[in-house]
Amino acid sequence: GCRIWPPARLRREISGKGKRMLRLERVSKFYSGNGLVSTGFSKVDLEFDTGEFVAITGESGSGKSTLLNVISGLDSYEEGEMYIMDQPTSGFSREDLEEYRKKY
């Protein structure tokens, strides 16, 4: 699968106590087509503070682009919850996501 660097415990030590910009709790993304369902990624937990620098690495097909598309609001997610500035996004409209992309 894809990997987040640095790990969460180390990111907090490096970045100090910044404001939490983004949090994913058990977020999953699935794709369906031709009667088949495939997993983009499954049950991801992440936290990113404002101003933090993070690298996402992994093999081809591990879910890096899918994760970034969900985080950016370009793609939806099917399970879990993504929070932006501690606000849940599961109820966001298309317009809300466009505003999020413009602002952040």
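K.L.:
Go over a negative patch on the surface, please, and point to the residues and values.
P.N.:
Together, E95, D96, E98 and E99 make up a region of like negative charge exposed at the surface. Locating D96 in the fold gives a position in helix α3 (residues 94-103). Using a relative accessible area of 36% as the deciding quantity, one classes D96 as partly exposed.

K.L.:
Describe helix α2 (residues 64-72), and please don't skip the residues or the numbers.
P.N.:
Of all the positions in α2, only T66, L67, V70 and I71 are classed as buried. What you see down the axis of α2 is that its buried residues fit within an arc of 135°, all on one side. Just downstream of α2, G73 is the residue with a positive phi angle, here 85°.

K.L.:
Go over the confidence of the model for the chain, please, and point to the residues and values.
P.N.:
For the chain, per-residue confidence averages 83 on the pLDDT scale, and 83% of positions sit at 70 or higher. Taking the mean pLDDT of every element in the chain, the minimum, 50, falls on helix α1 (residues 8-15) and the maximum, 94, on strand β5 (residues 79-84). Within the model, pLDDT remains below 50 along residues 12-16, and this stretch shows five contacts once partners closer than five positions in the same chain are excluded.

K.L.:
Residue-level account of the pattern of salt bridges, with values.
P.N.:
Taken as a whole and judged by the stated rule, the model has seven salt bridges. D86 is the salt-bridge partner of R23, the closest N and O atoms lying 3.7 Å from each other. Taken together, the residues span a long stretch of sequence, with R23 in strand β2 (residues 20-33) and D86 in the loop between β5 and β6 (87-88) at a distance of 63 residues. Under the relative-accessibility criterion, R23 is labelled buried at 16%. Salt-bridge contacts for E78 lead to K29; the nearest nitrogen and oxygen are separated by 3.4 Å. Of this pair, E78 sits in the loop between α2 and β5 while K29 sits in strand β2, placing them 49 residues apart in sequence. On the basis of relative accessible area, E78 is assigned to the partly exposed category, the value being 41%. Several salt bridges converge on common partners, so that one network encompasses R20, E47 and D49.

K.L.:
Let's hear about the environment of K29: which residues, and what values?
P.N.:
Overall, the relative accessible area of 4% leaves K29 in the buried class. Residues K29 and V44 lie 15 residues apart in sequence; the distance between their C-alpha atoms is 9.4 Å. Excluding anything up to four places from it in sequence, K29 contacts S38, T39, G40, F41, T66, V70, D75, S76, Y77 and E78. At 3.4 Å, the side chain of K29 forms a polar contact with the backbone oxygen of S76.

Reading the values: rules and limits
- Residues numbered from 1 in each chain as written.
- Predicted model: local features only at pLDDT ≥ 70, side-chain atom pairs only at ≥ 80, totals over all residues.
- Heavy atoms only, no water.
- Patch = residues over 30% accessible without salt bridge, like charges linked within 9 Å, V, L, I, M, F, W, Y side chains within 5 Å.
- Areas by Shrake-Rupley, 256 points an atom, 1.4 Å probe, with all protein chains shown as cover.
- Salt bridge = Lys/Arg side-chain N within 4 Å of Asp/Glu carboxyl O.
- Lys, Arg positive; Asp, Glu negative; His and termini not counted.
- Charge placed at Lys NZ, Arg CZ, Asp CG, Glu CD.
- Helix = DSSP H or I, 4+ residues; strand = E, 2+ residues; numbered from the N terminus.
- Buried < 20%, exposed > 50% of the residue type's maximum accessible area, 1.4 Å probe, protein only.
- Arc of directions from axis to C-beta.
- pLDDT = per-residue confidence, 0-100.
- Contact = heavy atoms within 4.5 Å.
- Polar contact = N/O pair within 3.5 Å; in protein donor to acceptor, adjacent residues only side chain to side chain.

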